[in-house]
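Coordinate analysis (summary)
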Amino acid sequence: MKKILIVASLILPLAACTQTEKGAAIGATGGAIIGGAATGNVRGAAVGAAIGGVAGALVGNANEPGRCIYRDRYGRRYEAAC
């Protein structure tokens, strides 16, 4: 369990792109670690990850400068005003 949490905490923040995604990834990782450590089981880690992910996404969204990243029908990413 500890190895999975350590690997997830290192990989998830690197996979995020926007501030909202980064906030959600970091919040979910931190929530899973704290939830797992506080309860000692997987259910606590899952609840912590869910709560941390939502909270991190809200914080990340508040830090975005009004530009959003979209994908066209070919999967290419572009940035435009929200």
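Residues numbered from 1 in each chain as written. Predicted model: local features only at pLDDT ≥ 70, side-chain atom pairs only at ≥ 80, totals over all residues. Heavy atoms only, no water.

Looking at the pattern of salt bridges
- Applying the stated criterion across every chain yields a total of 1 salt bridge.
- Between Arg-76 and Asp-72 there is a salt bridge, with its nearest N and O atoms 3.0 Å apart. (Salt bridge = Lys/Arg side-chain N within 4 Å of Asp/Glu carboxyl O.)

Structural notes on helix α3 (residues 42-62)
- The end-to-end C-alpha separation of α3 is 30 Å, in line with the 30 Å expected for 21 residues at 1.5 Å each.
- Close packing links the buried residues of α3 with α2 (19-39).
- The N-capping residue of α3, defined by a side-chain oxygen 3.4 Å from the backbone nitrogen of Arg-43, is Asn-41. (Helix = DSSP H or I, 4+ residues; strand = E, 2+ residues; numbered from the N terminus. Expected span 1.5 Å × (residues − 1). Contact = heavy atoms within 4.5 Å. Polar contact = N/O pair within 3.5 Å; in protein donor to acceptor, adjacent residues only side chain to side chain.)

Digging into the environment of Val-47
- Examined against the element boundaries, Val-47 turns out to sit in helix α3.
- Residues Val-47 and Ala-32, spaced 15 residues apart in sequence, show a C-alpha to C-alpha distance of 7.3 Å.

As for the pairing of strand β2 (residues 77-81)
- Judged from the 5 bridges that link them, strand β1 (residues 67-71) and β2 form a sheet pairing that is antiparallel. By the bridge assignment, Cys-68 is partnered in β2 with Ala-80.
- Remark: 5 residues form the turn of the hairpin made by β1 and β2, two consecutive strands paired antiparallel; Gly-75 in that turn has positive phi of roughly 90°. (Pairing = 2+ DSSP bridges.)

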